[in-house]
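One letter stands for each residue in the lines below.
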Amino acid sequence: KSISIILIDLMMPDIYGINLLSAIKENSDLDLIPVILQTSSSDENEILKALEKGIFSFITKPYNKKKLLDEIKRAIQFKELNKEDQNSQSLDPIVL
């Protein structure tokens, strides 16, 4: 089974979300998985840091269930499209 998305919080008890995001993006087994960041922070610099590190999207807390589910669905669709794109790029070119 493969991981479809990763949902992290900016502030977690044992790790800062940006540090976890960096570790995810440095891991070749995880770096293509869309990461959604959830946060209650209103600090735009934190969001910008996360965007620069490569989050797929972010949602602010408190969030509504529909918004969260919509973002999850969008991230899964994005991953599937990327997987299809990678598969088509790995095909041998047609020589005429």
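How each quantity is defined
- Residues numbered from 1 in each chain as written.
- Predicted model: local features only at pLDDT ≥ 70, side-chain atom pairs only at ≥ 80, totals over all residues.
- Heavy atoms only, no water.
- Patch = residues over 30% accessible without salt bridge, like charges linked within 9 Å, V, L, I, M, F, W, Y side chains within 5 Å.
- Areas by Shrake-Rupley, 256 points an atom, 1.4 Å probe, with all protein chains shown as cover.
- Salt bridge = Lys/Arg side-chain N within 4 Å of Asp/Glu carboxyl O.
- Helix = DSSP H or I, 4+ residues; strand = E, 2+ residues; numbered from the N terminus.
- Buried < 20%, exposed > 50% of the residue type's maximum accessible area, 1.4 Å probe, protein only.
- pLDDT = per-residue confidence, 0-100.
- Contact = heavy atoms within 4.5 Å.
- Pairing = 2+ DSSP bridges.
- Axes fitted to C-alpha atoms, helices over the stretch in contact; angles between N-to-C directions.
- Parallel < 35°, antiparallel > 145°, perpendicular 65-115°, else oblique.

### Quick look at a nonpolar patch on the surface
Together, Leu48, Leu51 and Phe58 line one region of the surface with nonpolar side chains, adding up to about 250 Å² of accessible area. You can see Leu51 is positioned in helix α2 (residues 44-53). Judged by relative accessible area, Leu51 falls into the partly exposed class, the value being 41%.

### Some remarks on the confidence of the model for the protein
In low-pLDDT regions, the fine details of the predicted coordinates are not to be read closely. Averaged over all residues, the pLDDT of the protein equals 86, while 86% of them reach at least 70. Model confidence for the protein, summarised as mean pLDDT per element, is weakest for helix α3 (residues 65-89) at 82 and strongest for helix α1 (residues 17-26) at 95. Note that residues 90-96 has pLDDT below 50 and, in this model, zero contacts with residues that lie over four places away or in other chains.

### Some details on unusual backbone geometry
Between Lys61 and the following residue, Pro62, the backbone shows a cis peptide bond with an omega angle of -5 degrees. Tracing the backbone shows Pro62 in the loop between β3 (57-60) and α3.

### A closer look at the environment of Gly54
By the element assignment, Gly54 lies in the loop between α2 and β3. Separated by 29 residues in sequence, Gly54 and Lys25 place their C-alpha atoms 7.5 Å apart.

### Side note on the sheet that holds β3
Note: strands within a sheet are paired through backbone hydrogen bonds, in either parallel or antiparallel orientation. If you walk across this open sheet you meet the three strands as β1-β2-β3, and the pairing is parallel. Both edges of this open sheet fall to β1 (6-9) and β3, since each of them pairs with a single strand only. Within this sheet the neighbouring strands show an average axis-to-axis angle of 25 degrees, counted without direction. In this structure, β1 lies alongside strand β2 (residues 35-39), joined through four bridges in parallel fashion.

### Points about the packing of α1 against α2
Interhelical geometry of α1 versus α2 gives an angle of 5 degrees and a closest axis separation of 10 Å. As the angle between them shows, α1 and α2 are arranged roughly parallel. Here α1 contributes Ile18, Leu21, Ser22 and Lys25 to the contact with α2, which in turn contributes Glu46, Lys49, Ala50 and Lys53.

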